[in-house]
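# Residue-level structural notes
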Protein chains: 2
Amino acid sequence: MFRSHTCGELRLHHANTEVKLAGWVQTIRKFGSISFVDLRDRYGITQLLFGEALTTELDANPLGREFVLQVSGTVTERSNKNTNIPTGDIEINVQSFQVLNKSAVPPFTIQDDTDGGDDLRMKYRYLDLRRHAVKKNLELRYAVNRATRDYLHQQDFMDIETPFLIKSTPEGARDFVVPSRMNPGEFYALPQSPQTFKQLLMVSGYDRYYQIVKCFRDEDLRADRQPEFTQIDCEMAFVEQEDILNMFEGLVKYIFKEVKAIDYNAPVERMTWENAMWHFGNDKPDIRFDMKIANLKSAFMKAGAIVATGELINDAGFGIFEQAETVLAIAVPGAADYTRKQIDELTDWVRRPQIGMQGMVYIKVNQDGTYKSSVDKFYSEEKLKTIANAALAAKGDLVLILAGKEERTRKAISELRLELGQRLGLRNPQEFRLLWVVDFPLFEYDEDGNRWVARHHPFTSPKPDQIETMISNDPSIANASEYLKHPYSNIKANAYDMVLNGNEVGGGSIRIYQRALQEKMFAALGMSPEEARHKFGFLLGAFEYGAPPHGGIAFGLDRLCSILGGTESIRDFIAFPKNNSGRDVMLDAPSTIDEKQMEELHLVSKLK
Amino acid sequence: MFRSHTCGELRLHHANTEVKLAGWVQTIRKFGSISFVDLRDRYGITQLLFGEALTTELDANPLGREFVLQVSGTVTERSNKNTNIPTGDIEINVQSFQVLNKSAVPPFTIQDDTDGGDDLRMKYRYLDLRRHAVKKNLELRYAVNRATRDYLHQQDFMDIETPFLIKSTPEGARDFVVPSRMNPGEFYALPQSPQTFKQLLMVSGYDRYYQIVKCFRDEDLRADRQPEFTQIDCEMAFVEQEDILNMFEGLVKYIFKEVKAIDYNAPVERMTWENAMWHFGNDKPDIRFDMKIANLKSAFMKAGAIVATGELINDAGFGIFEQAETVLAIAVPGAADYTRKQIDELTDWVRRPQIGMQGMVYIKVNQDGTYKSSVDKFYSEEKLKTIANAALAAKGDLVLILAGKEERTRKAISELRLELGQRLGLRNPQEFRLLWVVDFPLFEYDEDGNRWVARHHPFTSPKPDQIETMISNDPSIANASEYLKHPYSNIKANAYDMVLNGNEVGGGSIRIYQRALQEKMFAALGMSPEEARHKFGFLLGAFEYGAPPHGGIAFGLDRLCSILGGTESIRDFIAFPKNNSGRDVMLDAPSTIDEKQMEELHLVSKLK
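Keep in mind the model is a prediction, meaning the values are calculated, not measured. Sequence order as written defines the numbering, with residues in each chain counted from 1. Lettering for chains starts from A, numbering for ligands starts from 1, and both go in the order in which the items are written. With pLDDT at 70 or above as the cut-off, local features in this predicted model cover only qualifying residues; side-chain atom pairs require 80 or more to be listed or tallied, and sums for whole chains, interfaces and linings still use all residues. Excluding hydrogens and water, the side-chain figures rest on all heavy atoms present in the structure.

## Side note on the relation of the copies chain B and chain A
- A least-squares superposition brings the copies together, and it is based on the C-alpha atoms of residues with pLDDT no lower than 70 in both. Rotating chain B by 180° and translating it 0.0 Å along the rotation axis places it on chain A, where the RMSD comes to 0.1 Å. The superposition of one copy onto the other is thereby described by a two-fold rotation axis.
- Here 99% of the interface residues in chain B have copies in chain A that are interface residues too; the copies meet face to matching face. Only heavy atoms enter the contact rule, under which two residues are in contact if any of them lie within 4.5 Å.

Encoded structure:
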């Protein structure tokens, strides 16, 4: 061993002990004829004192930042204690030292507030990983990993490894493929998830399975998507939705407790997908703050106290509202005193191409009971009051209204709500609010193919009372324009998403376990029986031999860690991430391969 | 929940409790007007009693083996207790039942002694996995996984995930590659091990890293090799070889204790590579039994009591021995009474092409002190005695002697020793003997390239006192026939293998952490400086910025589990293994992919 202790463990009671330490030079400070060096390792920082003779040696052969240093010496009490670090009561009176390795000057400073840009830090990721800010992210990730395994073990789950070289069955996302040299012309695929394997394990009777496992998707990368990502992947047999929700809110609460020392004792709220879309404009609402969306035009709003209908805004001569498919409002708390400039800036914000609105209407609900609006020439104060009430606005609130096509307007007001929540400090990264979103539609309509696509995946079961609807109806859509009248459009999935602070951190479903229902599902997705057998014959086969009812969930570990760490950037929680083009700039990968390798794989590149 | 209890948990004290169970029908036995069903799940088997009315129902709609059944009923004490199973004191008096899913008749019986052949069981792996014999293997694997994580966590190791889509740097084995759609013409590689990443993590100061991780090698598969396999991968900073050996024999002993309830308190023996080759004929000796190899011709045997030299066998007119490069002997304990037929059979055994010997000589050391040999017309009884003594034979032993070319003969006698150990019952699969083999040669000579190849891998350090030899000498070999005189041929690696019952279960080394030494290593392997920078520039770069001394080890999890499970077939310890052609016969993978996928990857197959 190059050391007797780490740089984080010495305390006052070690005084007068002879110790050997090894680590990295963090700082060097010379005071007259003596020098102080802060020595750093994973566990902490310890101050080293070099006396006169050794300082003379250092003058001849100076240390530099990030040098690897080994010292022997005596633990002594510091006259000038540092209460900011656990080792601050002591220092090492160095008797001898050895430079184990030198270091060039790092291309950026190894500090929390580094001067290194993103690209530079990615190229020298091994230096970036030295920074405390990155290290604590990876420590958090390990703590989440550890807590997950402990909880699931206590609950009788077994970690079972599933294969990485599997069969390509493109459904939804693109597979990464791996040419097989031993089976020329054929390819393996890397798993997008171990979905079918975990289902087979349920058929095999393993009852409770989990794995913390890499998955792969060859998608066009958006910011903060990685081609390889990690899932906490779980499956249980003989369960209904309620069992899964209980088991896995237990998991997340256990993680809160172990990793963040947070007692999350409150029950986890549940919301139907319909209510999420209705009140929050998206399927992963951030419920740390309210600011629910009011629908000023539809007659469907039943949940709130006020039934808002078109009457609120029609027949006032304001064509934009009258002609719009949808008119949606939110009440921004305490924002009635926004200046003209502030409101103009918000209007510009919703006009940005990413949001895509034409404009924005406001109603100020003043403290004195009066109303001021950008459309008060169309609407009487009485009307404005009714509209503001519909948006549940209180005195001092600012009602913001967007109008336009249904989907775009709903998305826009959802974004506006989140933006205002952010600006108003309602999205505290250290406050955690969990939510189950349930009762998703089983199918979405695909206009191009005039067919159904699975909203979750093709293995998700419909609600038990809708299985019959699914089995007894022909999935084909005779009249494209009337797809909403097809019985399949109303089938709800036995599926659930776990949402944390407005991010989907997990999702799953109760699965189909009956061959006939699974075949119907494949048919609904436009697969011929031959194609279904070719791609998923093993699963259909397995369902012949006593498949139990089962269901599961998968959590995105990268995302979960980033939210627990108080950010939404998953890259900071991955040791060696890839950039937005899927490149590892440190390795310089991907790269070309030898002609010989291509030949062994019987492949030719079509590129010049 | 479909059940209130599992099929493994009910005991006598549950009597009179109303319960709900779910599981698979293992057996159905009808006795007159009542029926007994054994219901099975992962946790055990519970007997169900169907009374007269329910039996009538069953007659109308018979159950079958592997049906998925849910029953409600009362726990009652059995009159006829079964002491073989933990639930044998009770049965369930069934009040109602529901068939959750039917099962076709399985293609083989779901029992320990199944009637299914290998191919059939692989095709229906999801049924094979139901067999208790397979289930207990996967349970053992999970227990090893769990014990490993616990021990390493206690020792401050951190699980850090390394990437799967990396850069192809073929050294030794072939990489599996993954075409990149977003970087046309370029490929990722799947890792053969996370070697360079774990080293970078040491440079980054993570101090103690581990991962239980899939690795990939595109090799021609021998029996019991898998293209994807799992490693327990570990690395430590600021350590010497001694530290690693202590840490990881601790790990394996912890696994013995947790998984097998074995207190392995004995110190783990250590043996140099040279002694392993000398006394056991291979670098992974099975030391559960002795039967050491005696070298009858070489003057180099110093370790044993007797110095054997050519004098023993030369000048006797037996040309085969005199002309042979090597003559090696073992003394088979208590085998002096082998019949002519038995000895002929052993002779045939060494003549098989896999062993490749021309013949075998024997000396019987009879109980009465006489000697009988197949070569007694050449050797006097005195000479035979001297030879038998050299082989450390006792009265009643049978000395077997092989002669021929050095490498083949050594391999052959090693195989013969293992075969006889097996036949004599000296290789008890429930006895576990660990061994560290140390001091491997750093290089092997590659005749084709007239260059050195790394015996372990290019990141292994030489012994500290040989670093200077390596740095100060030119690695190139001027005279191919005299490569043994090159100073590099005597350099020993700072490397170690852990051997369990004659199987290498782990291996590792102290790594190079100095850029100059690493560059010298790449040069020795025939890499130009440009090539080294292209392939491993990130690592050489990392060594510029304060790389600490470090080393590590990787255990083959599949192999370790199989030996702990008492077999040497790793496939039985993998949930979804591939066959010897690298195929998953259940999935039918690999398979062809769509033309569209090929086009997106800019690839064309050269096959018709």
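Next comes the rest of the write-up.
## A short note on the interface of chain B and chain A
- Contacts between the two partners involve 128 residues from chain B and, on the opposite side, 127 residues from chain A.
- Summed over both partners, the accessible area lost on bringing two parts together, with a 1.4 Å probe, is the buried area. Carbon and sulfur atoms make up 59% of the area that chain B and chain A hide from each other, which totals about 11600 Å².
- On the chain B side of the contact with chain A, Glu161, Phe238 and Tyr545 of chain B bury the most area, a combined 7% of that side's loss.
- Definition used for salt bridges: Asp or Glu carboxyl oxygen within 4 Å of a side-chain nitrogen of Lys or Arg. Applying the counting rule to chain B against chain A returns 14 salt bridges.

## Notes on the pattern of salt bridges
- Scanning all chains against the criterion turns up 88 salt bridges over all chains.
- Across the salt bridge formed by Arg181 of chain B and Asp220 of chain A, the nearest N and O atoms sit 3.1 Å from each other. Placement of Arg181 of chain B in the loop between β7 (177-179) and β8 (187-189) and of Asp220 of chain A in the loop between β9 (208-216) and β10 (228-237) is noted, with the two residues assigned to different chains.
- You can call Arg181 of chain B buried: its relative accessible area is 13%.
- For every residue, the accessible area (1.4 Å probe, protein chains only) is compared with the maximum for its type, and the residue is labelled buried under 20%, exposed over 50%, or partly exposed between those bounds. For Asp220 of chain A, a relative accessible area of 51% translates into the label exposed.
- Among the charged side chains, a network of salt bridges with common partners joins Asp118, Arg121, Arg125, Asp128, Arg131 and Arg571 of chain A. For helices the rule is a DSSP run of H or I covering at least 4 residues; for strands it is a run of E covering at least 2, with both sets numbered from the N terminus onward.

## Some words on the packing of helix α4 (residues 132-154) of chain A against helix α6 (residues 241-260) of chain A
All names here are of chain A.
- Only the stretch in contact is used when fitting a helix axis, every axis being a line fitted to C-alpha atoms; angles between N-to-C directions are given from 0 to 180 degrees. Where α4 meets α6, the axes come as close as 9 Å, and the angle between the chain directions of the two elements is 135°. For the element pair α4 / α6, the angle class is oblique. Relative to α6, the crossing made by α4 is right-handed. Seen from α4, the contacting residues are Leu140, Ala143, Val144, Ala147, Thr148, Asp150, Tyr151, Leu152 and Gln154; seen from α6, they are Asn246, Met247, Phe248, Gly250, Leu251, Tyr254, Ile255, Glu258 and Val259.
- For the contact of α4 with α6, a count of residues per class yields 12 nonpolar, 4 polar and 2 charged. Any angle from 65 to 115 degrees is called roughly perpendicular, while one under 35 is roughly parallel, one over 145 is roughly antiparallel, and all others are oblique. Take the far helix as the reference: if the near one is turned anticlockwise from it by less than a right angle, the crossing is left-handed, and if turned clockwise, right-handed. Any residue outside Ala, Val, Leu, Ile, Met, Phe, Trp, Tyr, Cys, Pro, Asp, Glu, Lys and Arg is labelled polar, Gly included; the first ten of those are nonpolar and the last four are charged.

## Observations regarding the sheet that holds strand β16 (residues 398-404) of chain B
Residue and element names in this part refer to chain B.
- Here, any two strands with at least 2 DSSP bridges between them count as paired. In spatial order, the strands read β12-β13-β16-β14-β15; together these 5 strands make up an open sheet with antiparallel pairing. Only two strands of the sheet have a single neighbouring strand rather than two, namely β12 (294-295) and β15 (371-373).
- Across 4 bridges, strand β14 (residues 361-365) lies against β16 in antiparallel orientation. The partner of Val361 across the bridge, within β16, is Ile401.
- Sheet strands touched by helix α10 (residues 381-390): β12, β14, β15 and β16. Its angle to β15, the strand with the most contacts, is close to 90°.
- In the packing of helix α11 (residues 406-423) onto the sheet, the strands contacted are β12, β13 (326-332) and β16, and the crossing angle to β13 comes to about 10°.

## Re the environment of Tyr264 of chain B
Residue and element names in this part refer to chain B.
- Secondary-structure assignment places Tyr264 in the loop between α6 (241-260) and β11 (269-272).
- For the pair formed by Tyr264 and Asn428, sequence separation is 164 residues and the distance between their alpha carbons is 16 Å.
- With residues up to four places along the chain from it excluded, the contact list for Tyr264 reads Lys253, Phe256, Phe432, Arg433 and Leu434.
- At 2.9 Å, the side chain of Tyr264 and the backbone nitrogen of Leu434 are in polar contact. Polar contacts, as counted here, are pairs of nitrogen or oxygen atoms within 3.5 Å of one another; within protein the pair requires one atom able to donate a hydrogen and one able to accept it, and residues that are adjacent in sequence qualify only if both atoms are side-chain atoms.

## Re the nonpolar core
- If you look at the biggest cluster of nonpolar residues, it comprises 85 residues, and the most contacted ones within it are Tyr126 of chain A together with Val144, Phe248, Trp436 and Phe555 of chain B.
- Ranked by the residues each element gives to this core, the list is headed by α6 of chain B, at 10 residues.
- Ignoring sequence-local partners within four residues, the contact set of Phe248 of chain B consists of Leu152, Phe157, Cys234, Met236, Trp436, Met498, Ile553 and Phe555 of chain B.
- Membership of the second largest hydrophobic core comes to 84 residues, among which are Val239, Met498 and Leu564 of chain A together with Leu100 of chain B. Throughout this description, the term nonpolar core refers to a set of buried Ala, Val, Leu, Ile, Met, Phe, Trp, Tyr and Cys residues connected via side-chain atoms within 4.5 Å.

## Things to note about the packing of aromatic side chains
- Side-chain rings of Phe, Tyr and Trp (the six-membered ring for Trp) are treated as a pair once their centres are within 6.5 Å; stacked means planes under 30 degrees apart, edge-to-face means over 60, and tilted covers the remaining angles. Taken as a whole and assessed by the stated rule, the structure comprises 56 aromatic pairs over all chains.
- Aromatic pair Tyr151 of chain A and Tyr254 of chain A: ring centres 5.6 Å apart, planes at 45°, arrangement tilted. Of this pair, Tyr151 of chain A sits in helix α4 while Tyr254 of chain A sits in helix α6, and the two are 103 residues apart along the sequence.
- With 5.0 Å between their ring centres and 0° between their planes, Phe164 of chain A and Phe164 of chain B make a pair best called stacked. Taken as a pair, Phe164 of chain A in the loop between β6 (158-159) and β7 (177-179) and Phe164 of chain B in the loop between β6 (158-159) and β7 lie in two separate chains rather than in one.
- A residue is classified by how much of its surface remains accessible, and Phe164 of chain A, at 5% relative accessible area, is buried.
- Comment: the charge-over-ring label is applied if NZ (Lys) or CZ (Arg) is within 6 Å of the ring centre and within 35 degrees of the ring normal. A cation over a ring is seen here: Lys123 of chain A above Tyr124 of chain A, with NZ or CZ 5.4 Å from the ring centre.
- When the ring centre of Phe289 of chain A is taken as origin, the NZ or CZ atom of Arg417 of chain A, which lies over that ring, is 4.0 Å away.

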